[in-house]
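A look at the structure
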Amino acid sequence: MSSLVPLPAHVRTTDGSLPLAGLSVVAGPSDEEQRLAAVGRDLLGLAPAESSEGATLVLALDGAAGPDGARSPERYTLEVTAAGAALTAATTEGLFRGLTTLAQLVTADDEGRAVLPAVVVQDAPRYAWRGLSLDVARHFFEPDVVERVIDEMARYKLSVLHLHLTDDQGWRLELPSRPLLTEISGKGEIGDGVGGFYTLDEFRRLQQYAAERYVQVVPEFDMPGHTNAATHAYGELVPGGEPTARFGGEEVGFSKLSLDLPETEPFLRDVFGDIAAATLGEYVHIGGDEVFTMGADEYGRFVLLAHEVVTAAGKKVVGWQEIAEAELPAGTVVQYWEVRKDTAPLRRAVAGGAKLLLSPADRVYLDMKYDADDATGQDWGASMPPVELRDTYDWEPDAAVEGIDGDAVIGVEAAIWSERIPDEDTLFMRLLPRLAASAEVAWTPASSRSWEGFAGRVARESARWRERGLTFHASPGVDWA
Ligand code: TNX
């Protein structure tokens, strides 16, 4: 039986198999359905031209019944028999998710021919927000690297790429209103790398690439801390007006914007206005983490100003856990990460209508050491044990924050910080296999998940990672051979 990651809500294998040779793919007339037919051919390794004879894979939009009455727009039903295959979904997004399942089903029969096993899959995600946060500020990653990350995200049915675009070490997105941000602070990163930044055009193309894989990009400008790249480019953002020095270290929490300087609010309106205009998706992330040098009152007012500016620019607001200290408007998304901290502010925010996005560092921080001998992984000292594959897999989102009703949880987002990730090989060695585990936590019903089952299924993914030239960590408990 083929291995599926993430495991669908319902899978029933039946007898026989459908050979891929000669299979044609047919879909409805809309541009997107036709594009998806081509995506399907590509994923299955079929010839681009349709032949009219032989079996067909039919893609149909017809409001497929979700498993257990699920109404998610991503729900789909897939039926493969020896005579043909049908994929039905309520939306094109659902069709795309079903195609990624089909791609994973491909296997070889006894004669070595490529086939799809006969199967019925009824599927829908547990959470709509299944994310990965990628830090491109501490080390910069060129668009083609990000595209390869998006490819893996799509394979595991992730839906949100959160880009951490700014930090003390660099500003990674060119903005028309504030060109010095990238002219000055686009250069450099941690260590002696050259850094870099995305032009607005590259950012648009990345979003398009993601959108074709039904991944939404959520850009983050981190404020009011983690702002040395901004104050290095624009001295008017600090008292005294002198630009701060370039920073290429790992330390956090020392930098800040100052709410009461006259240039601060115009800066916020400019940069959040620009990013809102350039963003296809509905969210903008305002950061808000680790501001160690600002009083609670100024911090709270800053968060509310950033919230107002982003909302006025037409986007919804996400921010790191700390923003729960402010009087947040209902609907704000608060991203939980700091498992060592009191969660009372989170409970209060949720009681006030905030939504919770789960990124518990001891589970889904994918920059963390895998084990005690892992010399280059992130290390928070005695307060944080290493994060092996099983830690990323074996946890229950509903129970992650004590006293929070599961209804407030909108999703699960893994995060990878790049202080110690200087290149693509290291990036994938940290992402794989943990990204697949986080994806299954976010997609698969809790009742269907088990570590043993996952360990058996994820083992086969390594063949494809090798084929694609991606590095991965051979986590214990999985038979990677
Ligand atoms: C904490 S998690 C941070 C990041 C660091 C990370 C290192 C969070 C919201 N802030 O600035 O990169 O630790 O693991």
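Each chain has its residues counted from 1, following the order in which its sequence is written. Only residues with pLDDT of 70 or above have their local features reported here, since the model is predicted, and side-chain atom pairs are shown and tallied only from 80 upward, although totals for entire chains, interfaces and linings are computed over all residues. Heavy atoms throughout the structure, all of them, feed into the side-chain values; hydrogens and water do not.

The periodicity of an α-helix, 3.6 residues per turn, causes residues three or four places apart in sequence to face the same way. Helical segments are the DSSP runs of H or I of at least four residues, strand segments are the runs of E of at least two, and each set is numbered from the N terminus. In a helix, the anticipated span is given by 1.5 Å times the number of residues less one. In a regular helix each residue adds 1.5 Å, so 17 residues correspond to 24 Å; helix 8 (residues 296-312) covers 24 Å between its end C-alpha atoms and thus fits that length. Buried residues are those whose accessible area, probed at 1.4 Å on protein chains only, stays under 20% of the maximum for their type, while exposed residues exceed 50% and partly exposed ones sit between those limits. Considered for burial, the residues of helix 8 that qualify are E298, Y299, G300, F302, V303, L305, A306, H307, V309 and V310. Throughout, a residue-residue contact means that at least one pair of heavy atoms, one from each residue, lies within 4.5 Å. Those residues of helix 8 that are buried are in contact with strand 12 (216-223), helix 7 (264-278), strand 13 (283-287) and strand 14 (316-320). Where helix 8 terminates, the next one or two residues include G314, which has phi positive at roughly 95 degrees.

Once that is clear, we can look at the site of the ligand. Any residue with a heavy atom lying within 4 Å of a molecule or strand is counted as near it. The ligand sits among R138, H226, D289, E290, W320, W337, Y365, D367, Q378, W380, W417 and E419. Polar contact is defined as a pair of N or O atoms within 3.5 Å, subject to the rule that within protein one atom must be able to donate a hydrogen and the other to accept it, and that residues adjacent in sequence are counted only when both atoms are side-chain atoms. A distance of 2.7 Å separates an oxygen atom of the ligand from a polar side-chain atom of R138. Contact with the protein chains hides 97% of the accessible area of the ligand, taken as 360 Å² for the molecule alone. Classifying every residue of the shell around the ligand gives five nonpolar, two polar and five charged. For the accessible areas, the method is Shrake-Rupley and the probe is 1.4 Å, while residue cover comes only from the protein chains on display. Three residue categories are used. Nonpolar comprises Ala, Val, Leu, Ile, Met, Phe, Trp, Tyr, Cys and Pro, charged comprises Asp, Glu, Lys and Arg, and polar comprises the others, including Gly.

Below, the discussion takes up the nonpolar core. By nonpolar core we mean a set of buried residues, namely Ala, Val, Leu, Ile, Met, Phe, Trp, Tyr and Cys, connected to one another through side-chain atoms within 4.5 Å. Core analysis: the largest hydrophobic core is formed by 101 residues, its most contacted members being F221, F267 and F272. At seven residues, helix 8 tops the list of elements feeding residues into this core. Once residues lying within four places of it in the same chain are set aside, the contact partners of F272 are F221, M223, V284, H285, I286, A306, V309, V310 and A313. In this structure, L23, V39, L59 and V119 belong to the second largest nonpolar core, which totals 29 residues.

Tracing the chain through its elements places E440 in helix 13 (residues 434-443). Separated by 2.7 Å, the side chains of E440 and Y393 make a polar contact. If we skip the residues at most four places from it in the chain, E440 touches L4, V5, P6, L7, Y393, R449, F454 and R457.

For the rest of this paragraph, the subject is the packing of aromatic side chains. Two rings from Phe, Tyr or Trp (for Trp, the six-membered ring) form a pair when their centres sit within 6.5 Å of each other. Planes less than 30 degrees apart are called stacked, planes more than 60 degrees apart edge-to-face, and all others tilted. Enumeration according to the criterion identifies 18 aromatic pairs in this entry. Taking the centre distance of 4.8 Å and the plane angle of 45 degrees together, the rings of W171 and F221 count as tilted. Placement of W171 in strand 11 (residues 170-171) and of F221 in strand 12 is noted, with a sequence separation of 50 residues between them. For the pair W171 and F221, one class covers both residues: buried. Connected via pairs of aromatic rings, a cluster forms that spans W320, W337, Y365, W380 and W417. A cation sits over an aromatic face here: R434 above Y370, 3.7 Å from the ring centre. For a lysine, the NZ atom is tested; for an arginine, the CZ atom; a charge sits over a ring if that atom is within 6 Å of the ring centre and within 35 degrees of the ring normal.

Everything listed is a geometric property; what it means functionally is a separate question.
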